[in-house]
Amino acid sequence: MREETRRRFHDDLAQLQTTLYREADLATAGVARSVEALVHRNDDLAHAVIDGDDDVDECYLDIDRHILEMIALQTPVATDLRLVSAILHTNLHLERVGDQAVNIAKIFLLTQDLPTDATILSHLQEMSDIVCRMLRTAIDSFVRRDLELCVRLPEMDDPVDLLNRGMYLQVLRLADDAAALEWGIQMNVVARQLERVGDNAVDIAEQVGFLLTGEFREFTDASHLAEP
Amino acid sequence: MARRSDLGSGVVAIPGTTATHVVRAALRGKRFRVGDYVVQILLLMTLMIALGVLVVLLGNVAIRGVPVLEQRGTNFLTTTNSTLPFLAGVKQGIIGSLELLVIVLIFAIPLGVGAAVYLEEYAKDTRLNRLLVTNVRNLAGVPSIVYGILGLIIFVEFLKPLTGGLTVISGGLTLAVVVLPIVIITSSEALRAVPNSIREAGFGVGATRWEVIRSHVLPSAAPGIFTGAILTLARAIGETAPLLLVGALLGFFAPGNVGFWGQLRGPYTSLPTLIFSWSTQPNPDFRNLTAAAIIVLMAVLLTVNAAAIVLRNRYERKW
Amino acid sequence: MSESGEYMDAPTVTRSDPSERSIHLERRGRERPEEVLEDASFVFEIKDLEVSYGGVQAVRNVSLNVYENQITALIGPSGCGKTTVLRCLNRMNDLIDGARVEGTLRYHGVDLYEAGIDPVEVRRRIGMVFQKPNPFPKSIYDNIAFGPKIAGFKGNMGDLVEESLTRAALWDEVKGKLKTSATELSGGQQQRLCIARCIAVQPDVILMDEPCASLDPIATLKIEELMYQLVSHYTIVIVTHNMQQAARISDRTAFFTVEVEDDGHRVGTVVEYDLTDHIFTNPKDPRTEDYVTGRFG
């Protein structure tokens, strides 16, 4: 086994990735719990999600600062460079996911006195389950450097889009009751937030693809990623 | 905190101490190192001894010779040899030495420098060439009287039609052969001292080998080559033994064969030979004359050296 | 010699007018599209180059093409043959006893090692700048004038000297002291003088063997800036130990490595040769990856 030079640099990189994975866990949990709070009318949980975003932000700032330091001082190239770029972008996406979870929690707190609709709530729960699974798969593909995993993300996103588009029709059903309609419109916003979480997960998978292949390809909804 | 117990002065620093007084004591070290002083004094003594020998020799010569020069003045330099001490002068010796020098310069320098250029710049590093170089070095160490025999056989006898036999030309050629190895060696060293980067630079802009040598290597090596030439002159002026074998006259010779052109074609002598000749004369007055002639010889030597050094400095400044 | 009349008339070499080509190579930068770099024509075509010294193989299996008006960098650890290959390009290896070059090395289509090719003429068209600045111990003017003079230059030497020094970004600093000795200049200035000296014989190609190795960082950056300007007129091949330098300035990079035989004998060879951004963002060979990331143990 050849002796490894630049050990400190690579240890630092490993440390950054650990922080990133932790951020991912926190953000994913935030999404799951915000929807749970919404569905089960738990305002303590909603407050916990909002407070918990501080931890996500802390990870974000930590990673952001270290990345800049690393670029300036270590001049990473080749795989190291792509890894640094992937960490940088993923960090941004995860921070946004955290914000999206907070938005969902806030919307719940705003509408907790309004009448609800079971169908809509079940659709939102389903969306939440799928997008959380997408996040976990994307991060998994990052951790395991698994190309086959990361190309699955676009197809996982299809049901989310369908559910999101269908939400509009569901809300229209409530048009008779003013209060229910108001609630419905807010739930539409929640659905949009969840759809964006899904997009962020797909973006993270794109970064993993770049890291592994050296080529950046957009994952569109319809197309499948051709093997490089 | 690193341990500083090995400060060498015997002061042991307590680990963790950087107190000023401790550091100062350590830096002061031993005030008096005996060994150094003793060596210094010994070396001074060797210098004194060497100088002392020189002073004694020169002093001896000066005591005997200066009165003669004071008494005879330039007359000493312009009169020819004679069996009578108060009439004898060194004129023929001076002329002979200068003529020999000129011949040595004409033959030994171009041949020697040329050979050195070939050996250093053109010759490939083969076994034959290494053998050649070794032989040249050996030749430099051969006693000069051997060259005298060589000169007798080749220049005096074999090439008699060209040289005229026992003439200053034969003498000069013999001396040229004596100093040729020295010229080759010193010129080689001067050429080798030119850094290879200069040559590469020349080749890099598309110069041929000769262009590189002519424009860059030789000018760079010139001071060294000139120094070698000075050494050569010094050696040649002082050579006596080989000349004795190839015809430098020891005794009196006719006033007719005197003057520059006369000595060129006919019998000749040189300053060292003249000195040798005078020193063997039974008449005790010749001792002082010998000393005076030695002073003249040294004056000639110094003048020639000075001229060569001036020329070398002038060339060095040009580029 | 060759069929083309060009090589017959030294000292000036007629090159194709840069403006004729469809590619405009004004100020280099990373913003040039890769397709532009691909279209350029070859100056050197190297195939299966092999070099040995005294029967011992030093370099083998070197094949790469050098493109016109581009900077090609040769990188790799010490002793892997970069300088050896560079010196083949202008037949400087001829000066080393026992050096033997095999394989094909074409310059504008002509085999540089075929019979009848004069190495002196080769070196006028393919100039070289060395690791340690080596100005002649003469005046600045004489340094520049030497090459053209022996090449038979008949025009106005003063103008040529000025133009060469201007192109080497040194004119302003020395214009008042052309007769002073070149050895009085600073290291960075001496190296630019060597570049000017090289330019004065109007070469086609400039080879640089670690030109900044003995210079401080500011002088290094000045030389790199100079290379950006020079490359629109010349083709440059540079050997460098400084990976960041290769990354900064070159269009293409060749990575050399050492292969150790069973008997311990070391031979240099090319592992990968590609556009520089490929080498530094996505190298194909793991050995290249290890070297550029510094994991090379």
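Conventions and cut-offs
- Residues numbered from 1 in each chain as written.
- Chains lettered and ligands numbered in written order.
- Predicted model: local features only at pLDDT ≥ 70, side-chain atom pairs only at ≥ 80, totals over all residues.
- pLDDT = per-residue confidence, 0-100.
- Helix = DSSP H or I, 4+ residues; strand = E, 2+ residues; numbered from the N terminus.
- Core = buried A, V, L, I, M, F, W, Y, C linked by C-beta atoms within 7 Å.
- Buried ≥ 20, exposed ≤ 12 C-beta atoms within 10 Å, placed from the backbone.
- Contact = placed C-beta atoms within 7 Å.
- Nonpolar A, V, L, I, M, F, W, Y, C, P; charged D, E, K, R; others polar.
- Pairing = 2+ DSSP bridges.
- Expected span 1.5 Å × (residues − 1).
- Bend = angle between axes of the 7 residues up to and from the residue.

## Some details on the confidence of the model for chain B
Residues and elements named next belong to chain B. The pLDDT averaged across chain B works out to 83; a share of 87% of its residues lies at or above 70. Confidence, read as mean pLDDT per element, is least for helix H12 (residues 260-265) in chain B (65) and greatest for helix H9 (residues 196-204) (94). Taken over the whole predicted complex, pTM reads 0.78, whereas the ipTM for its chain interfaces reads 0.82.

## Topic: the nonpolar core
One finds A:Val131, A:Ala138, A:Ala201, B:Val179 and C:Ile236 to be the most contacted residues of the largest nonpolar core, which totals 182 residues. Looking at this core, the element that brings in the most residues is helix H8 (residues 168-192) of chain B, giving 15 residues. For A:Val131, the contacting residues outside a window of four places in its chain are A:Val31, A:Val160, A:Leu194, A:Val197, A:Gly198 and A:Ala201. Counting residues in each nonpolar core, the second largest holds 18 residues, with B:Leu69, B:Ala88, B:Trp278 and B:Leu297 among its members.

## Concerning the interface of chain B and chain C
On the chain C side, the residues contacting the 17 residues of chain B number 22 residues. Every element with two or more residues in the side of chain B that touches chain C is listed here: H9 and helix H10 (209-238) of chain B. Per-element accounting of the side of chain B that touches chain C gives the leading share, 6 residues, to H9(B). Grouping the constituent residues of the side of chain B that touches chain C by class yields 6 nonpolar, 7 polar and 4 charged.

## A short note on the pairing of strand E4 (residues 99-107) of chain C
All names here are of chain C. Pairing geometry for strand E1 (residues 42-53) and E4, over 8 bridges, is antiparallel. Among the inter-strand pairings, Ile46 is bridged to a residue of E4, identified as Leu105. Where E4 and strand E5 (residues 110-111) come together, 2 bridges link them in antiparallel fashion. In the sheet register, Tyr107 faces E5, and the bridge partner there is Val110. Between the end of E4 and the start of E5, which pair antiparallel, lie 2 residues, with His108 showing a positive phi angle near 50°.

## A short note on H8(B)
All names here are of chain B. Here H8 is 25 residues long and its end C-alpha atoms lie 35 Å apart, about the 36 Å a rise of 1.5 Å per residue gives. Of all the bends in H8, the greatest, near 40°, is centred on Val179, and the proline Pro181 appears no more than four residues after it. The element H8 is largely enclosed, with a buried count of 23 among its 25 residues.

## Brief notes about unusual backbone geometry
Residue and element names in this part refer to chain C. A positive phi angle, close to 50°, is found at Asp48, a residue other than glycine. Here Asp48 lies in strand E1. A tally of 12 C-beta atoms within 10 Å means that Asp48 is categorised as exposed. Positive phi, normally seen in glycine, also occurs at His108, with a value near 50°. With respect to the secondary-structure elements, His108 resides in the loop between E4 and E5. Given 20 C-beta atoms within 10 Å, His108 falls into the buried group.

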